[in-house]
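# Descriptive structure summary
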Amino acid sequence: MRVTMIGAGYVGLVSGACFADFGHQVICIDKDAKKVAALNRGEIPIFEPGLDALVEANMQQGRLKFATDTTLVKDAEAVFIAVGTPSRRGDGHADLTYVYEAVREIAPLLSASAVVVTKSTVPVGTGDEIERILRELRKDAEIQAVSNPEFLREGAAIQDFKHPDRIVVGTEDPTARDVIAEIYRPLYLNTPPLLYVSRRTAELIKYAANAFLATKITFINEIADLCEQVGADVQEVSRGIGLDNRIGGKFLHAGPGFGGSCFPKDTSALLKTAQDYGVPLRIVETVSAVNEQRKRAMARKVVTALDGSVRGKTVAVLGLTFKPNTDDTRDSPAIPLITALHDLGALVRGYDPAGMEQAKPLLPAVTYCSSAYSAAEGAHAVVIATEWEQFRALDLQRLKSVMAEPVIVDLRNIYRHDEMRRANFRYRAIGRSGVG
Ligand SMILES: NC(=O)c1ccc[n+]([C@@H]2O[C@H](COP(=O)([O-])OP(=O)(O)OC[C@H]3O[C@@H](n4cnc5c(N)ncnc54)[C@H](O)[C@@H]3O)[C@@H](O)[C@H]2O)c1
């Protein structure tokens, strides 16, 4: 099929490359001329495992193209909107400017039989407004507006896209359903369920899913705090509850609080929708508030590990992205942590395998280093903020030899107390009170 993606960011690029790999003819259109030029040179603007090879192979086969020219949308049978929906300044609702701009731009150009599919995460009712715009600008056609929210995770995006747990299709129009089914048909071998629902239901499924996952994380984070006080081990609690199929083991890793480009903004937008409809979502409100406080409060763990003050001391922060295998620093917990450390008078050295360029404008006062060991030079504490694979097997003796004091604050629970004790480190983790 002929598919166009509007927006070649994380979601547009991964989805476009995967659709091309399914055998469709895909054009990814993005306003950002630099991004498009880079993509046309074979340079991938984001760090996502496997994406470079997938893009290259499909470009070579002639199935995947990148352009800035919106008029190329004219031949598409399906147009996916994958532009950003960031938090709106001021009220925290989803900013739909890019979505509506994109729809207004493409509407006059679309073929009368095209289907417009929203992949961006958008509040309930956005599809209705998209349909209204399409009717207003295209009186000659009944172009369908479908919701097809995306559930991929950064860092595992291709695997998630090609092996989804479900594909949610929000439309009651049978022809539009057939178009979407045809686009995803190559996945039938993996038998992911296509879940046909109304457009509003599809829009809400995405927010409810993210709010639920954010709740799971926040729940275990609070249990971790309790573990520290009562002498229990949160990792064992997670395992003990996660083995119950009704609960499930995923998203039960205690840490510094959730971040990233989706959970914080999506919980915030869901709360706004709920307020608009006069239905307070108290659980989600609490999750959001608890998580916000938690990220900055992680600095207190470092202060405690350094005997009550970080003033004038050097802290090495390993990991600046919100999770491993991505270069995305949007709403990363490392940002409020480092800001708080600076506020408390610490000097911060930082290292991240992929996210340093993205972090620099957000954290200009950090001294950026070329490796974990160089970040640790002269440090009074090393803080592990992101669980990159390379931080799981640090040479502890080498690390200690360059540090001013042997202190590790492990916000991702990737080490054990006994190995740290053996290496003569003072070690603090999350929700594990093992004396160390
Ligand atoms: N990043 C994720 O892991 C993820 C997962 C699921 C859903 N989502 C949702 O998908 C949407 C996109 O997220 P993202 O992370 O890919 O965003 P992004 O910021 O990485 O990419 C958006 C792209 O859209 C382009 N753009 C904006 N307006 C345009 C227009 N009118 N025409 C052409 N291009 C335009 C921008 O230049 C940018 O390259 C958001 O709603 C997000 O919530 C993201």
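So, here's what we can say about the structure. Computed from a predicted structure; not experimentally measured.

Further remarks concern the overall build of the chain. When you go through the chain residue by residue, the secondary structure sums to 16 helices and 14 strands. Here the C-alpha atoms of the chain give a radius of gyration of 23 Å, agreeing with the 22 Å that 2.2 N^0.38 yields for 436 residues. Along the three orthogonal principal directions, the C-alpha set of the chain runs to about 75 × 50 × 45 Å. Burial analysis of the chain (436 residues in total) assigns 54% to the buried set. At a minimum sequence separation of 6, the contacts of the chain that also span at least 24 residues come to 72%. Here the chain contributes 52 positively and 54 negatively charged side chains, and the mean placements of these two sets differ by 3 Å.

Pairing in this open sheet of 6 strands is parallel, and the strands run 11-10-9-12-13-14 from one edge to the other. Unpaired on one side and paired on the other, strand 11 (367-368) and strand 14 (426-428) mark the two borders of the sheet. Both strand 10 (residues 347-351) and strand 11 contribute to a ladder of 2 bridges, which runs parallel. Note that in strand 11 the partner of Gly350 across the bridge is Tyr368. Across the sheet, helix 11 (residues 282-305) touches strand 9 (314-318), strand 12 (381-384), strand 13 (407-410) and strand 14, and the angle it forms with strand 13 is around 155°. Against the sheet, helix 12 (residues 334-343) engages strand 9, strand 10 and strand 12, with an angle of about 175° to strand 9.

Within this structure, the stated rule accounts for 1 cavity of 30 Å³ or more. Empty space within the largest cavity amounts to approximately 30 Å³. Thr85, Pro86, Ser87, Gly92, His93, Ala94, Thr121, Tyr207, Lys265, Asp266 and Ala269 are the residues that line the largest cavity. Of all the elements, helix 10 (residues 263-276) adds the most residues to the lining of the largest cavity, at 3 residues. Classifying every residue of the lining of the largest cavity by side-chain character gives 4 nonpolar, 5 polar and 2 charged.

What helix 12 keeps buried is the set Ala334, Ile335, Leu337, Ile338, Ala340 and Leu341. At its buried positions, helix 12 is contacted by helix 11, strand 9, strand 10, helix 13 (356-362) and strand 12. Of the residues flanking the end of helix 12, it is Gly345, one or two places downstream, whose phi is positive at about 95°.

This part covers the site of the ligand. If you check the shell around the ligand, you find 27 residues, and the closest are Val11, Asp30, Lys35, Thr85 and Lys265. Within the side chain of Thr85, a nitrogen or oxygen atom sits 2.5 Å from an oxygen atom of the ligand. Among the secondary structure elements, those contributing two or more residues to the shell around the ligand are helix 1 (10-21) and helix 4 (97-106). Top contributing element to the shell around the ligand by residue count: helix 4, with 3 residues. Looking at the shell around the ligand residue by residue, the classes come out as 10 nonpolar, 7 polar and 10 charged.

Following the criterion strictly, the structure yields 30 salt bridges and no others. Note that Glu105 is salt-bridged to Lys31, the shortest N-O span being 2.9 Å. Of the two residues, Glu105 sits in helix 4 while Lys31 sits in the loop between strand 2 (25-29) and helix 2 (33-40), which places them 74 residues apart along the sequence. Using a relative accessible area of 31% as the deciding quantity, one classes Glu105 as partly exposed. The exposure class assigned to Lys31 is exposed, which follows from its relative accessible area of 62%. Note that Asp128 is salt-bridged to Arg200, the shortest N-O span being 2.9 Å. With a gap of 72 residues between them, Asp128 in helix 5 (residues 126-137) and Arg200 in helix 8 (residues 199-230) connect regions that are remote in the sequence. Taking relative accessible area as the criterion, Arg200 reaches 37% and is therefore assigned partly exposed. Beyond isolated ion pairs, a larger network of salt bridges with shared partners links Arg104, Glu129, Arg132 and Glu136.

Rules behind the numbers
Residues numbered from 1 in each chain as written. Predicted model: local features only at pLDDT ≥ 70, side-chain atom pairs only at ≥ 80, totals over all residues. Heavy atoms only, no water. Helix = DSSP H or I, 4+ residues; strand = E, 2+ residues; numbered from the N terminus. Rg over C-alpha atoms; globule rule 2.2 N^0.38 Å. Buried < 20%, exposed > 50% of the residue type's maximum accessible area, 1.4 Å probe, protein only. Contact = heavy atoms within 4.5 Å. Lys, Arg positive; Asp, Glu negative; His and termini not counted. Charge placed at Lys NZ, Arg CZ, Asp CG, Glu CD. Pairing = 2+ DSSP bridges. Axes fitted to C-alpha atoms, helices over the stretch in contact; angles between N-to-C directions. 1 Å grid on protein atoms, 1.4 Å probe; cavity = no way out; pocket = protein on both sides within 12 Å on 5 of 7 lines; lining within 4 Å. Points joined across faces, edges and corners; volume = space filled by probe spheres on them. Nonpolar A, V, L, I, M, F, W, Y, C, P; charged D, E, K, R; others polar. Near = heavy atom within 4 Å. Polar contact = N/O pair within 3.5 Å; in protein donor to acceptor, adjacent residues only side chain to side chain. Salt bridge = Lys/Arg side-chain N within 4 Å of Asp/Glu carboxyl O.

These results come straight from atomic positions and should not be treated as a statement about function.
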